[in-house]
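Listed below, chain by chain, are the residues.
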Amino acid sequence: MRVLVVEDEVRLADTLRDLLEMDGCAADVCHDGEAGLDNALSGIYDVVLLDVMLPRMDGLTVLRRLRQSGSAVPVLMLTARSELSDRVAGLDGGADYYLTKPFEPKELLACVRALARRQPELRVGDTLSYGDLRLEKSAFTLSCDGRSVRLSRKEFDMMELLMLNRRQILTKESLLLKIWGYESDAEDNNVEVYISFLRKKLTHLRSQVKIKTIRMVGYCLEGGE
């Protein structure tokens, strides 16, 4: 899961990034509203943490423009304001949840996990299922009929994306952005290498699920329906 933190207080932004990464997320940080909107519109984030009071463009304007663009990315608003009218404005503007500073780290992480849940019918607790495969986040393992293998972080992230988007073709570009992020110098062949790693592990597990290459487009899973 990749999270965007839009927060102008540098120390708080760094703390939030550290918390998210300790909880197993990948996190990017922006310190002003214009940069935050530009990044949020990329479509690579699963959740956006958005402060209300931001330079260059306030958080409510960022939120409004994000929703006007058609983006449905979950947004968790963060603010020092506690008045009811501010919370109502954020929620009416399209925010999914609202936390007032200071907040407890555990509450923040629980909110992020709740907002990030997609295709809940595929999940049982900490497990994601597709066909004969089970992906366990707590142990970073992929299993099939009693056999299991441990995955590296990037292998796990890639397999999770493929399983969550089981009916969609994921392009190399989207995988690069989602897994490596904007700041990385990773290239298409990095994706190809990790797809190869996962295919070998699927073969080892003797799974019926395969990673299909759609020439000149990207990848998708097959054999799990």
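Below: a short report on this structure.

The rules behind each value
Residues numbered from 1 in each chain as written. Predicted model: local features only at pLDDT ≥ 70, side-chain atom pairs only at ≥ 80, totals over all residues. Heavy atoms only, no water. Phe/Tyr/Trp six-rings, centres within 6.5 Å; stacked < 30°, edge-to-face > 60°. Helix = DSSP H or I, 4+ residues; strand = E, 2+ residues; numbered from the N terminus. Buried < 20%, exposed > 50% of the residue type's maximum accessible area, 1.4 Å probe, protein only. Pairing = 2+ DSSP bridges. Contact = heavy atoms within 4.5 Å. Axes fitted to C-alpha atoms, helices over the stretch in contact; angles between N-to-C directions. Expected span 1.5 Å × (residues − 1). Core = buried A, V, L, I, M, F, W, Y, C linked by side-chain atoms within 4.5 Å. Salt bridge = Lys/Arg side-chain N within 4 Å of Asp/Glu carboxyl O. Left-handed = near helix turned anticlockwise from the far one by under 90°. Nonpolar A, V, L, I, M, F, W, Y, C, P; charged D, E, K, R; others polar.

**Examining the packing of aromatic side chains**
Phase 1: For the structure on display, the rule yields three aromatic pairs.
Phase 2: Ring geometry for phenylalanine 140 against phenylalanine 156: centres 4.6 Å apart, planes inclined by 25°, an arrangement best described as stacked. A residue pair is termed long-range when its members are at least 10 positions apart, and phenylalanine 140 in the loop between β8 (133-136) and β9 (141-144) and phenylalanine 156 in helix α6 (residues 153-164) qualify at 16 residues.
Phase 3: For the pair tryptophan 180 and tyrosine 194, a centre-to-centre distance of 5.7 Å together with 65° between the ring planes defines the contact as edge-to-face. Placement of tryptophan 180 in helix α7 (residues 172-180) and of tyrosine 194 in helix α8 (residues 188-205) is noted, with a sequence separation of 14 residues between them. An identical accessibility class is assigned to tryptophan 180 and tyrosine 194; each is buried.
Phase 4: Through pairs of rings, three or more aromatic residues link up here, namely Trp180, Tyr194 and Phe197.

**Some points on the sheet that holds strand β13 (residues 218-222)**
Phase 1: Read from one edge of the open sheet, three strands run β11-β13-β12, paired in antiparallel fashion. Every other strand in the sheet has two partners, leaving β11 (170-171) and β12 (210-214) as the edge strands with one partner each.
Phase 2: Here β12 runs beside β13; their pairing, made up of five bridges, is antiparallel. Its bridge partner lying in β13, lysine 212 is registered against cysteine 220.
Phase 3: Its contacts with the sheet place α6 against β11, β12 and β13, and it is angled at close to 70° to β13.
Phase 4: α8 rests against β12 and β13 of the sheet, and its axis sits at about 145° to β12.

**Description of α6**
Phase 1: The terminal C-alpha atoms of α6 lie 16 Å apart, and with 12 residues this matches the ideal 16 Å at 1.5 Å per residue to within 8%.
Phase 2: With 10 of 12 residues buried, α6 lies mostly within the body of the structure.
Phase 3: Along α6, the positions that sit buried rather than exposed are Glu155, Phe156, Asp157, Met158, Met159, Glu160, Leu161, Leu162, Met163 and Leu164.

**Quick look at the nonpolar core**
Phase 1: Residues Leu133, Leu142, Met158 and Met159 are the most contacted members of the largest nonpolar core, which totals 31 residues.
Phase 2: If you list the elements that add at least two residues to this core, you get β7 (127-130), β8, β9, α6, α7, α8 and β13.
Phase 3: Per-element accounting of this core gives the leading share, seven residues, to α6.
Phase 4: If near-sequence neighbours (up to four positions away) are discounted, methionine 159 is found in contact with Leu133, Leu135, Leu142, Leu151, Leu198, Leu202 and Leu221.
Phase 5: Of all hydrophobic cores here, the second largest spans 21 residues; its members include Val6, Ile44, Val48 and Met77.

**Considerations on the pattern of salt bridges**
Phase 1: Evaluated as defined, the whole model comprises 13 salt bridges.
Phase 2: Residue aspartate 96 is joined to arginine 67 by a salt bridge in which the shortest nitrogen-to-oxygen separation is 3.1 Å. Taken as a pair, aspartate 96 in the loop between α4 (84-92) and β5 (97-100) and arginine 67 in helix α3 (residues 59-68) lie far apart in primary sequence, 29 residues in all.
Phase 3: Using a relative accessible area of 37% as the deciding quantity, one classes aspartate 96 as partly exposed.
Phase 4: Of the charged contacts, one joins glutamate 155 and lysine 201 as a salt bridge, the two residues approaching to 2.7 Å between their closest N and O atoms. Of this pair, glutamate 155 sits in helix α6 while lysine 201 sits in helix α8, and the two are 46 residues apart along the sequence.
Phase 5: Shared partners join several salt bridges into a network, and the residues in it are Glu7, Glu9, Asp51 and Lys101.

**Topic: the sheet that holds strand β1 (residues 2-6)**
Phase 1: The parallel open sheet is built from five strands, whose spatial order is β2-β1-β3-β4-β5. Each end of this open sheet is capped by a strand with a single partner; those strands are β2 (26-30) and β5. For this sheet the average axis-to-axis angle between neighbouring strands, irrespective of direction, equals 20°.
Phase 2: On top of the sheet, helix α2 (residues 33-40) reaches β1, β2 and β3 (47-51); it is set at about 160° to β1, its chief contact.

**Things to note about the packing of helix α1 (residues 10-22) against helix α5 (residues 105-116)**
Phase 1: Contact geometry of α1 with α5 gives a least axis separation of 11 Å together with a crossing angle of 65°. Seen along the crossing, α1 lies across α5 with a hand that is right-handed. Contacts between α1 and α5 involve Leu16, Leu19 and Leu20 from the former and Pro105, Leu108, Leu109 and Val112 from the latter.
Phase 2: For the contact of α1 with α5, a count of residues per class yields seven nonpolar, no polar and no charged.

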